[in-house]
Amino acid sequence: MEEQMARRLVAAEGKKLQQAGLVARTWGNISCRIDENHFVITPSGLDYETMTARDLVLMDIRNGVCCGAHKPSSEKGVHLAAYQTFPEVGYVIHTHQTYATAIGLCGFEQLAMTEEEAEKLGGIARAAYGLSSTEKLAGAVYDAMQSGAKVVFMVHHGVLICGKDREEAFSRAMLLEEICKRSILGQPKKTPRKDQKRQEKLFHVLQKHFHYVGICDTPAVLLCAASGRGIPAQVDDMAQMIGRKIPCCLHVRRDMLGLLRKYGAVLVPRVGVVVSAGTADDVEALKTLVAKAAVCCLHVRATGASATLSPVNVAIQHHHYVKKYALQKDGEA
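Okay, so let's go over this structure.

What counts as what
- Residues numbered from 1 in each chain as written.
- Predicted model: local features only at pLDDT ≥ 70, side-chain atom pairs only at ≥ 80, totals over all residues.
- Heavy atoms only, no water.
- Helix = DSSP H or I, 4+ residues; strand = E, 2+ residues; numbered from the N terminus.
- Rg over C-alpha atoms; globule rule 2.2 N^0.38 Å.
- Buried < 20%, exposed > 50% of the residue type's maximum accessible area, 1.4 Å probe, protein only.
- Contact = heavy atoms within 4.5 Å.
- Areas by Shrake-Rupley, 256 points an atom, 1.4 Å probe, with all protein chains shown as cover.
- Lys, Arg positive; Asp, Glu negative; His and termini not counted.
- Charge placed at Lys NZ, Arg CZ, Asp CG, Glu CD.
- Pairing = 2+ DSSP bridges.
- Axes fitted to C-alpha atoms, helices over the stretch in contact; angles between N-to-C directions.

Attention now goes to the overall build of the chain. Helix and strand counts for the chain come out as 12 helices and 13 strands. Against the compact-globule benchmark of 20 Å for 333 residues, the chain has a radius of gyration of 20 Å, which places it among compact chains. Principal-axis analysis of the C-alpha atoms gives the chain an extent of 60 × 45 × 35 Å. Counting only residues that meet the buried cut, the chain has 56% of its 333 residues in that class. In the chain, 67% of the contacts between residues at least 6 apart in sequence involve partners at least 24 apart. Entry remark: accessible area of the chain is about 15000 Å², with carbon and sulfur atoms responsible for 52%. Across the chain, the 41 positively charged side chains and the 34 negatively charged ones have centroids separated by 11 Å.

Okay, here's the thing in structure tokens:
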């Protein structure tokens, strides 16, 4: 494929994936093969809404050398693994899609799918955990692909999806999410009770103490809040932006302000999750994260599995986000 065409395809696809709910902000990444030795990939820390074809980074499949005005995605290693493993693959998407991420935490053996759907996905595998952007993660994905699987669940992280072209990769991502949504466990069968007046009153009070606040009240979030239990960090993006847990506040008047200042996200029964951040954009990002974290948490509880990230891995990722990625997102690094 001609390089400029590849660049235009990838730049346009980012917005399409956002609209489909498969990626958000700068999470996830996309690449397209140009020839047997090169591909272009989305840059690190650049929002899909503002990304242009010129921003993409050219990479050499043989040695990982990159060329461009920006740094390549921090997950370039998993894309390299895909192109090095499959000469026929021409397009790769790394998504943070909600239901597939949740399924990946506990294994995919019980997915409710037909033989035809399985064939369309091109094979499924599950890669062992490695910290985001590390050689360990890239190596785990490479190992998983040796089975021939074109869809790889990256535990605690998301999914890598390969296709011969953009259309096949995107359709596989959408099909996978449909399959995982019908296979998910522990989700509310009806919307849990919400106290609208309590929610509005709390929001009004918090606006006096924080510049930017928001409330997420999806059914999964409300069910987690009603349980009175916090949500542990089970997915990398939550660990990065929030830390080790989203606590549940049972004594709002006494504990709410301190917990929100410490964690940035707090469960409140009959309200949902209250979030606070330094910008309105970060508030929306937190709402997206906690909505996914709640789905993941309920699924893990229903399976009886253990999927909590280690305190060390959480601390490493949260520190990296606060000190480097957040500054990069704001154009300061």
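Two strands in a sheet stick together by hydrogen bonds in their backbones, pointing the same way (parallel) or opposite ways (antiparallel). The 3 strands are arranged S9-S13-S12 in an open sheet whose pairing can be described as antiparallel. Strand pairing shows two members of the sheet lacking a second neighbour, strand S9 (212–216) and strand S12 (265–268), which therefore form its edges. On average, each strand axis in the sheet is inclined to that of its neighbour by 20°, with strand direction left out of account. Summarising the sheet, S12 and strand S13 (residues 272–277) pair through 4 bridges and their orientation is antiparallel. Counted as the bridge partner of Leu267 is Val273 from S13. In the packing of helix H7 (residues 196–207) onto the sheet, contacts are made with S9, S12 and S13, and the angle to S9 comes to roughly 160°. In the packing of helix H10 (residues 252–263) onto the sheet, the strands contacted are S12 and S13, and the crossing angle to S12 comes to about 150°.

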